[in-house]
Amino acid sequence: MVRSGVGWRREVLVCGGAGGLAAGGYAVAAGLRGRWPAGAGEVAVPYHAHLWDLLHGDASGDLLFNWNSGYGVPFLADFFAYLMNPFSWLTALLPRDQGHLAVFLVALATIALGTALMAHLLGRVHPGPHRLRVFAALGYGLCAWVLDIGGAAPMWLWGLVSLPLLGLAGDWCLRERHWTAGALCVALAWAGNLYTAALATLVAGLLFAVRLFATPLALRHRVRAVGRAVTMTATGLLLAAPVLYVAVRAARGAQPESPVQPLGPSGLGGHLARLLPAAQDGRPLPDVAIGVLGLLLVCGLPFNRRVRVRERAAWCTALVLVVLTFVWTPTYLVWHGLAIPAGGPYRVAFVLSGLLVLAGWVSLSHRPDAFALLGSAALVAVIAALAASRHGVGATTWTLLGAGCAVLLTALWTLDRRHTDRRAEALATWVIGGAVLGNAVWSGYSALGAAPDPGPSPSAVRAGHAAVRAADDWPHGRSDPGPHAFGTNDPLLLGGQGGGYFSAYLPTVAARLLHDLGAGWTAGGRQTGSVTDPVGQALFGVRGHLDDGPPPQGFTPVRAAAPPLVTVLAPGARPDTSSVWSRQEALLGSQVYDAPVPVPAGGPAPTLHGTSGWSVPSGGEGTVFTAACTPGSTAYFHGVWFRGEVSALGTTYRSEGEQPTTAEPIRRLGPVPADGVVRVTLRPDGISQVPARPVGCLRAGALDAAVARSAATGATRVAAGGHTLTAALPPGSRGTALLSAPATEGWTCAAGDGPYAAPTPVLGMIGVPLGGGADRVSCAFRPPGLTEGLTVASAAAAVLALVTVFARISRSRSSRSGRSRREAAAA
């Protein structure tokens, strides 16, 4: 028992040392560079700011629904995808405006835990010197994937924990122990992040197969181990059923991912270059480097005669197979769910890094001899020669590789030749540790400086947050942080209730509603923007918003009258969907626009394709359209997919539309002159398209009158909960109550004392028929799939509890029986 206690204390020191060194190395690299990980400000920081609001009671919604973004969208699937890293809750301990620091601390904690678990897993795969195990694990915790991608994305970084966690669960199956704990580990991995858990499960299964093949075991033991692994994994997945069900249902209704160009040829040298330290060229290639020590050990494994041939063959075969799946497009697509991910085409790279570290440890734990070291040096030299011509292989790479190989090969040779000399062994071990840590810090310093984070300044964010809060009138009206754009998720970052949102689970209904009402989008609709025109803002009850303004903050707060969040459309209204202007009028319940068909008046002749719109050719001074509007009205232009320059009424701007990825919002042109003619000049980059009626003129005073009518017939009182909304209406209201939120799946509504039922969408908004008359409407949201997931998880938890109880009873009976036999033998 004492020996076991000593062993556990030593193991805690080893794992804690590995985790501490990895987190410290990453922190030192970031501190020396003086820069936060690039990309964190786009997704991670806004989501963690929203988590801060949720934990402190400052958010409009809750875990089930997000009133802040997209003018009201489901949130539970996004919470599972972006905030289920347990360390994300550290955000609550810091001030709200320290989002970058919060994300950085989450990354440090996750790196530390993942490295510590890998250090423990290495010891289970094969025993070896404790200090060397620490330094081998550092290659995993500070691999190139962490330095380049993972550090800015805590949701994906949880995969760094999942892989060794699942590897340990597989080890327990081989040893026929801890079935219950293994199932809980599987559930924890999958609940933390589905995407990385799926990848980690594949590689953990491969690790299990390699060890099952390489270890001499009886057939019945192999069968039992496989059975335990299968049942344990299945039970863990069932425990994570709420996450799985909600995510799958949300994915079905989500806006499709923007088309991504196929991967271009990178060549053998390009892929091999990514095995070298600090090799960066901006190309979409897997970041799999694990440091010079790991590279030397993996390259030396085929030559290490102290590793049994069967084991060497199993590890080398597994590595070759995984590497080939990374470079062959069909298997690459399998790794990534049959689609090339936008933004980071090799998000799976950490699993290969983990497998390389495990293979390297197998070689190191068998103390490679001179032959293995020579073979390793030769193979590394071949890799370096093939990668030498790559643009990303520069002076830093050659310095780290050359100095690292010389120092590490010498230290490894000393460990083999002088392993009986404790002083020489200790010196060589510490030299290896210094080289590994120095290599990691230098690589991190290089990676963190490769791409600066283009996010807004902290002062601008604080000013924007204060301005949004100053205009807060929820739930009577919305305070929109747009259309001025700070980043991709301004309503999460700044608070308020806007239209901007970026999410892999953004409902198609929400994206299409905003698109059809003139808001812009990017990423093929997975990132929406706020409405930019006064009619659109009135439709969503926006009473305060931030418009573009002068430096230093770059925005100007604007206030405007708007109807309540719930209005009433008259009975028998038939929505007109022929143009963005008619769609807005249909939801407003009043005609406020002149929307003439434009007339070509000069330049290259455009072609009208019916209601589909105009094809505008390039060339010359541009194509000129004229449109007749009421003098004194305000002209707006909706180019949608148009790419080029737009000029009219003294306004000139650049339109960046590109179907289907980037849709331009409605833009203000200016007041219509006394002759009532709006002259628009389009200079496209190539053949481009505009709608059939791209010009709309808002008549003076029309919107104010429409808002007054909507306020008079709309809700007299609105109350909103985290995922509910109730509105009191004038007595006897008839027609359709219109809630200014997307009609996403999961809403149920009731008029008066009637039963709850799915709403009747009106052009994508939530509509509630009032029947013969009603004085209130009530709506509630429940994420699709949550009930089924909780049911399945509850059943799985019951099974797990029963198995645990029966196993404990069985062990107790076996212990008593053994004790009785021993007492009988002694008597």
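Cut-offs used in this document
Residues numbered from 1 in each chain as written. Predicted model: local features only at pLDDT ≥ 70, side-chain atom pairs only at ≥ 80, totals over all residues. Heavy atoms only, no water. Helix = DSSP H or I, 4+ residues; strand = E, 2+ residues; numbered from the N terminus. Contact = heavy atoms within 4.5 Å. Buried < 20%, exposed > 50% of the residue type's maximum accessible area, 1.4 Å probe, protein only. Polar contact = N/O pair within 3.5 Å; in protein donor to acceptor, adjacent residues only side chain to side chain. 1 Å grid on protein atoms, 1.4 Å probe; cavity = no way out; pocket = protein on both sides within 12 Å on 5 of 7 lines; lining within 4 Å. Points joined across faces, edges and corners; volume = space filled by probe spheres on them. Nonpolar A, V, L, I, M, F, W, Y, C, P; charged D, E, K, R; others polar. Pairing = 2+ DSSP bridges. Phe/Tyr/Trp six-rings, centres within 6.5 Å; stacked < 30°, edge-to-face > 60°. Lys NZ or Arg CZ within 6 Å of the ring centre and 35° of its normal. Axes fitted to C-alpha atoms, helices over the stretch in contact; angles between N-to-C directions. Parallel < 35°, antiparallel > 145°, perpendicular 65-115°, else oblique. Left-handed = near helix turned anticlockwise from the far one by under 90°. Core = buried A, V, L, I, M, F, W, Y, C linked by side-chain atoms within 4.5 Å.

K.L.:
Whenever I open this one, the side chain of Gln 537 confuses me. Can you help?
P.N.:
Relative to the assigned elements, Gln 537 resides in helix H23 (residues 534-539). In contact with Gln 537, not counting residues within four places along its chain, are Pro 483, Val 531, Thr 532, Val 542 and His 545.

K.L.:
Please clarify how the side chain of Ser 365 should be interpreted in this entry.
P.N.:
Structurally, Ser 365 can be placed in helix H16 (residues 349-365). Among the residues examined, Ser 365 registers a relative accessible area of 14% and is labelled buried. Side-chain polar atoms of Ser 365 contact the side chain of His 126, separated by 3.3 Å. Discounting residues that sit within four places of it in the chain, Ser 365 has contacts with His 126, Pro 127 and Gly 128.

K.L.:
For this particular structure, what's the right way to read the layout of surface pockets?
P.N.:
Think of a ball as big as a water molecule: rolled over the atoms, this probe shows where empty space is left. Each pocket or cavity is described by its volume, and for the second largest pocket that value is around 1,000 Å³. The wall of the second largest pocket is formed by 47 residues, among which Pro 483, His 484, Ser 530, Thr 532 and Pro 665 lie closest to the centre. Every element with two or more residues in the lining of the second largest pocket is listed here: strand S3 (478-483), helix H21 (490-494), strand S5 (521-522), strand S6 (527-528), H23, strand S7 (542-548), strand S18 (667-671) and helix H25 (702-713). Classifying every residue of the lining of the second largest pocket by side-chain character gives 20 nonpolar, 17 polar and 10 charged.

K.L.:
Help me understand the sheet that holds strand S21 (residues 695-698) in this model?
P.N.:
Strand pairing within a sheet occurs via backbone hydrogen bonds; the two strands may be parallel or antiparallel. Read from one edge to the other, the open sheet built from 4 strands follows the order S10-S21-S15-S18, with strand pairing classed as antiparallel. For this open sheet the edge positions go to strand S10 (593-594) and S18, each flanked by a neighbour on one side alone.

K.L.:
Explain the packing of aromatic side chains to me, please; I cannot follow it from the model alone.
P.N.:
Two descriptors summarise a pair of aromatic rings, namely the distance from one centre to the other and the angle between the planes of the rings. All told, the structure shown has 21 aromatic pairs when counted by the stated rule. Consider the rings of Phe 79 and Phe 80, whose centres lie 6.2 Å apart with planes at 55°: the pair is tilted. Three or more aromatic residues joined by ring pairs form one cluster here, namely Phe 65, Trp 67, Trp 474, Trp 747 and Phe 781. A cation over a ring is seen here: Arg 33 above Tyr 445, with NZ or CZ 3.9 Å from the ring centre. Seen from the ring of Phe 213, Arg 310 lies directly overhead, with NZ or CZ sitting 4.0 Å from the centre.

K.L.:
How should the packing of helix H7 (residues 154-174) against H16 be read in this particular structure?
P.N.:
What describes two packed helices is the angle between their axes and the distance between those same axes. Direction vectors running N to C along H7 and H16 enclose 40°, while the axes themselves pass 10 Å from each other. One finds that H7 runs oblique with respect to H16. At the point where H7 passes H16, the crossing takes the right-handed sense. Contact residues: Gly 159, Leu 160 and Leu 163 in H7; Phe 350, Val 351 and Gly 354 in H16.

K.L.:
Mind showing me how you'd approach the nonpolar core here?
P.N.:
Nonpolar side chains in soluble globular proteins tend to end up buried together. With 161 residues, the main nonpolar core has Trp 145, Trp 315 and Ile 432 as its most contacted residues. Of the residues forming this core, the biggest block, 14 residues, is contributed by H7. Setting aside anything within four residues of it in sequence, one finds Trp 315 in contact with Val 125, Leu 207, Val 210, Leu 301, Leu 355, Leu 358, Ala 359 and Val 362. Counting 28 residues, the second largest nonpolar core, distinct from the first, contains Ala 538, Leu 588, Val 592 and Val 707.

K.L.:
For this particular structure, what's the right way to read empty space enclosed by the protein?
P.N.:
A full pass over the atoms with the stated rule returns 5 cavities of 30 Å³ or more. Considered as a void within the structure, the largest cavity measures approximately 80 Å³ in volume. The element that contributes the greatest number of residues to the lining of the largest cavity is strand S24 (residues 736-742), accounting for 3 residues.

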